[in-house]
Every structure is written in structure tokens, then in C-alpha cells.
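Okay, here's what each chain looks like letter by letter:
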Amino acid sequence: MNALIIFSLLLLLMLTGMPISIALGLTVLTFLFTMTSVPIESVALKLFTGIEKFEIMAIPFFILAGNFLTHGGVARRMINFATSMVGHWHGGLALAGVIACALFAAVSGSSPATVVAIGSIIMPAMVKQGYPKGFGAGVITTSGALGILIPPSIVMVMYSVSTNTSVGQLFMAGVIPGLMLAFFLGLTTWYLARKHNYPRMIKATWGERFVAFRKSAWGLLLIVIVMGGIYSGMFTPTEAAAVSAVYAFIVAVFVYKDMSIKQVPKVLIDSAAMSAMLLYIITNAVLFSFLMTSENIPQSMAAWILDSGFGMLSFLLVVNILLLLAGNVMEPSSIVLIMAPILFPVAMKLGIDPVHFGIIMVVNMEVGMCHPPVGLNLYVATGIAKMGITELTVAVLPWLMTMIAFLMLITYVPIISTWLPRLIYG
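Residues numbered from 1 in each chain as written. Predicted model: local features only at pLDDT ≥ 70, side-chain atom pairs only at ≥ 80, totals over all residues. Heavy atoms only, no water.

**Quick look at the overall build of the protein**
Right, so step 1: Counting its secondary structure elements, the protein contains 20 helices and 0 strands.
Right, so step 2: Compactness check: the protein gives a C-alpha radius of gyration of 22 Å against a globular reference of 22 Å for 426 residues, within 12% of the reference.
Right, so step 3: The dimensions of the protein, computed from C-alpha atoms along their principal axes, are 70 × 45 × 45 Å.
Right, so step 4: The proportion of buried residues among the 426 residues of the protein is 55%.
Right, so step 5: Residue pairs at least 24 apart in sequence account for 79% of intrachain contacts in the protein once pairs closer than 6 positions are excluded.
Right, so step 6: The positive charge centre, built from 19 side chains, and the negative charge centre, built from 13, are 20 Å apart in the protein. (Helix = DSSP H or I, 4+ residues; strand = E, 2+ residues; numbered from the N terminus. Rg over C-alpha atoms; globule rule 2.2 N^0.38 Å. Buried < 20%, exposed > 50% of the residue type's maximum accessible area, 1.4 Å probe, protein only. Contact = heavy atoms within 4.5 Å. Lys, Arg positive; Asp, Glu negative; His and termini not counted. Charge placed at Lys NZ, Arg CZ, Asp CG, Glu CD.)

Shown next as C-alpha cells:
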């Protein structure tokens, strides 16, 4: 009964158009102060201790690194390198877009940032070459979603904070699924380009490829620094985030010189604003999680699922449907912070690996970013492609189907997610 009241209240507040973070906070405070005897001091304490976690510090640093790279010419050089490698294949420029998105995802941690950085450069170039606008927009919208699956990933940090799962293990678990999804999206792109005979580029010489690689090397080196540092135990994911922010600043301002010192304060302010927004969502989600736990809702839900005879397979199917539906109305950070504390205890009771469950949630978030009505990537891409949301939704469909098929594969073949972290962490 309490669960019904809480979720009805949350839904009612969200339907008023109120931001999810405020709706969460108001739901918790209304319920706590009218229907329970929880002292106000414990609420204040929970607010403070909820975000007093070392892992949360990674979020502002990854946002800052992503902003420096987005403004600092790194994306353009990655596109040039990818184009030199695959430009001569069917749909070469589109394939280069997929590869560039995968590379940029490995340094930014954010999907919308990947769509902006790669899309704003490659989409005009594709239209100029003679590709239909919808094809280019479909490629970049879906490939940009790799930003939250290929580590480092801000959404993985949020899952880690919500469930106390190791961030390092989650990052490692995202490597193979991220590369596989990039391959499948590339395969879909190549098939469609071959079918419709879209333009190909002149094959680059190995000399040209080497020059393109050398120019993009400073950006690509960040992947080695972050993943190599975590993998070797040299630093934690949070320390890796701080290192990547400093490195991205040096590369953008002093190495590539695409950003002047005068532009730095604006990047810092934009990053601080975005970080504050996410931290505010986290704070309210922590309160919501506290309310759920104090009312024994996850435990009751786990007991009901187990008593109903739900097995692991049927539970995972329900989770996927629930998360895909949530993706219709909410953005990834909010979904993870609200759903993870509820679903995670049930998953643990059923013997599902916490890292595998995290990757399932992240892939669901990726799909959610590419379909209406709240798909973040869709909205970013409509701005770049100058297309209507309905038109873009139709254009995205072939890649969206590929992503849903991949979600099923990831859900029911856990070794894809767990093999690498088990190899490294034992």
C-alpha cells in the first residue's frame, strides 16, 4: 500500500512537468512528514552521507574532461583517423562516424557529448557527400549512445553509487559489450549503405593513415591513460577521472591549441552547472532510496517475486521491459538512481551477478536515449540535423532494432559482461 502511495505521488508530481530531481525530493519529504515518524535529523543526515562517497567525485571530473575534449578539436582528429581507415568501404563516412563515436566514448563518458562532438562535424560532411540526412542522423544518434557503455561512463558511476558495486569492475565489464555493439551498429550501417549504394571515399594510403593517427594520438592516449591506469591498479576510477580532466585541459589548450585560455572559464562554469544538476538528482535519489529501504519495499518486492515463482530469465525480461518503459519518460541518471536500489536486491536474491546486472541496466539506458519521447540523443541530434523528432525516430529504427537485439544477447549471455572483470579482478 505504501509503495502505491509513494509511486502515485511521484508520478503525479512528474506529470505536472516538474523536474524529476525536485519531484523525488518532494515525494520523499511529503511521505516522511505525513505518514511516518522518521525524525527530521535522520533525513538531513542521509542527505549529507548519501553523497559523501569518493566515487561521486568522478562525475564532475569526467564531465569536465568531456567538455574540454568536445571544444578542443579532439573529435575532428578522431573522425579524420577513422575516415582514413574505413572511408573506402560502403558508407565509409558513416562507418567512420561509428568508429569515431566509439573512440570519443572512450574518453568522454557521456552520450549527448559524443553526439554533439562527432555529429556536428560528420553530419554536414555526410550531407555534402550525398548521404540522405536521415541516414546520417540515424548513425550518429545510436552510435553516440556508446558514450555510456564504453568506459569511462558517468551512468556506471551512478549505478556503482546506488548499489555499492565496484566501479573498476563495471568499467572493465563495459569494454567487450561496448566494442560488440559498435561492431553491430557498424554492420547495420555497412549493410544499409551497400544496399542503397551510398557514396564511398578514395582509399587512403598507409602514409595518410599514419599522419591521421599521429594527429589524433594525443586524444587516443587518454584511453590508454584511463583504462591502463585503472587496469594496472595505478589509480582508482575517481583518480582516473581527475587525471583525464587535467590531461584533456593540457591537450586542448597547449597541444592542439584549439581552445584559448580565455575560453577555459566558460568550460569550467558549464561543467560545474552540469555537475551540480547531476549531484542534485543524486541527492534526491539517495533520499528516495532511503525511503524505499525504511518502508521495506525492495525486500517485500523480492519476497513477492520469489514466491510468485519468477525465475532469473523471466525476472530479467520484466526488468528489460520496465527499464525500456522508464526510458520513455525519464533520462538515464534518474532511472538508474531510482530503479537500481529497488531491483538490485531482487537480482541478488536470484543469484544474478551485480556487474552483469549493471551492464544490462546501462544497455537499457542506451536504448532509451534513442527512442521518443524523452530520448536525450534524439533531441541533441534533431538540433544538429535540423530534423523533426518524428522524422528522426523513423530514421533511427534499423539501428534501434539492432540495439534491442543486442540487449537480449547481453541479458541472457552474462559471460560477455563478466569475463573481463573476472579475468582481471579474479
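**Here we look at the nonpolar core**
Right, so step 1: Judged by nonpolar contacts, the single largest core of 150 residues is most densely connected at I118, F135, F315 and F357.
Right, so step 2: Top element by residues in this core is helix α6 (residues 92-108). It accounts for 13 residues.
Right, so step 3: Each residue touching F315, except ones within four places of it in the same chain, is listed here: I305, F310, L343, V346, A347, L350, I352 and F357. (Core = buried A, V, L, I, M, F, W, Y, C linked by side-chain atoms within 4.5 Å.)

**Overview of the side chain of S417**
Right, so step 1: Along the polypeptide, S417 turns up in helix α20 (residues 415-425).
Right, so step 2: Setting aside residues no more than four positions away along its own chain, S417 makes contact with A173, P177, H356, I359 and I410.

**With respect to the packing of α6 against helix α8 (residues 133-143)**
The relative placement of two packed helices is expressed as an angle between their axes plus a distance between the axes.
Right, so step 1: Close contact between α6 and α8 brings their axes to 9 Å; oriented N to C, the two are set at 15°. In terms of orientation, α6 lies roughly parallel with respect to α8. The way α6 lies across α8 gives a crossing that is right-handed. Facing α6, whose interface residues are A94, G97, V98 and C101, α8 presents F135, V139, I140 and S143.
Right, so step 2: When the residues that make up the contact of α6 with α8 are grouped by side-chain class, the tally is 6 nonpolar, 2 polar and no charged. (Axes fitted to C-alpha atoms, helices over the stretch in contact; angles between N-to-C directions. Parallel < 35°, antiparallel > 145°, perpendicular 65-115°, else oblique. Left-handed = near helix turned anticlockwise from the far one by under 90°. Nonpolar A, V, L, I, M, F, W, Y, C, P; charged D, E, K, R; others polar.)

**Topic: unusual backbone geometry**
Right, so step 1: Put simply, P151 and P152 share a cis peptide bond, and its omega is 0°.
Right, so step 2: Within the element layout of this structure, P152 appears in the loop between α8 and α9 (154-163).
Right, so step 3: At N164, a position not held by glycine, the phi torsion is positive, near 60°.
Right, so step 4: Secondary-structure assignment places N164 in the loop between α9 and α10 (167-195).
Right, so step 5: Taking the relative accessible area as the measure of exposure, N164 reaches 66% and is therefore exposed.
Right, so step 6: Residues other than glycine seldom take positive phi values, yet K257 does so here, at roughly 55°.
Right, so step 7: The topology assignment puts K257 in the loop between α12 (237-255) and α13 (264-294).

**Section: the packing of aromatic side chains**
Right, so step 1: Counted according to the given criterion, the structure contains 13 aromatic pairs.
Right, so step 2: By way of ring pairs, the aromatic residues Y131, F135, Y198 and W399 are connected into one cluster.
Right, so step 3: The aromatic ring of Y256 is capped on one face by R77, whose charged end is 3.8 Å from the ring centroid. (Phe/Tyr/Trp six-rings, centres within 6.5 Å; stacked < 30°, edge-to-face > 60°. Lys NZ or Arg CZ within 6 Å of the ring centre and 35° of its normal.)

**A few points about the environment of L291**
Right, so step 1: Within the element layout of this structure, L291 appears in helix α13.
Right, so step 2: Each C-alpha atom of the pair L291 and Y412 lies 32 Å from the other, and the pair is 121 residues apart in sequence.
Right, so step 3: Those residues in contact with L291 that lie beyond four places of it in its chain are I6, V28, F31 and L32.

**So, the pattern of salt bridges**
Right, so step 1: Overall, the coordinates contain 4 salt bridges when judged by the stated rule.
Right, so step 2: One salt bridge connects D258 with R76, and the closest N-O pair in it is separated by 3.9 Å. Of this pair, D258 sits in the loop between α12 and α13 while R76 sits in helix α5 (residues 74-86); the two residues are 182 residues apart in sequence, bridging distant segments of the chain.
Right, so step 3: Taking relative accessible area as the criterion, D258 reaches 28% and is therefore assigned partly exposed.
Right, so step 4: Judged by relative accessible area, R76 falls into the partly exposed class, the value being 37%.
Right, so step 5: The shortest N-O distance in the salt bridge between D353 and R422 comes to 3.2 Å. With D353 in the loop between α16 (332-349) and α17 (354-368) and R422 in helix α20, the pair connects residues that are 69 residues apart, well separated along the chain.
Right, so step 6: When its relative accessible area of 22% is taken as the criterion, D353 is described as partly exposed.
Right, so step 7: Taken together, the shared-partner salt bridges connect R76, R77 and D258 into one network. (Salt bridge = Lys/Arg side-chain N within 4 Å of Asp/Glu carboxyl O.)

Function cannot be read off these values alone, since they describe shape.
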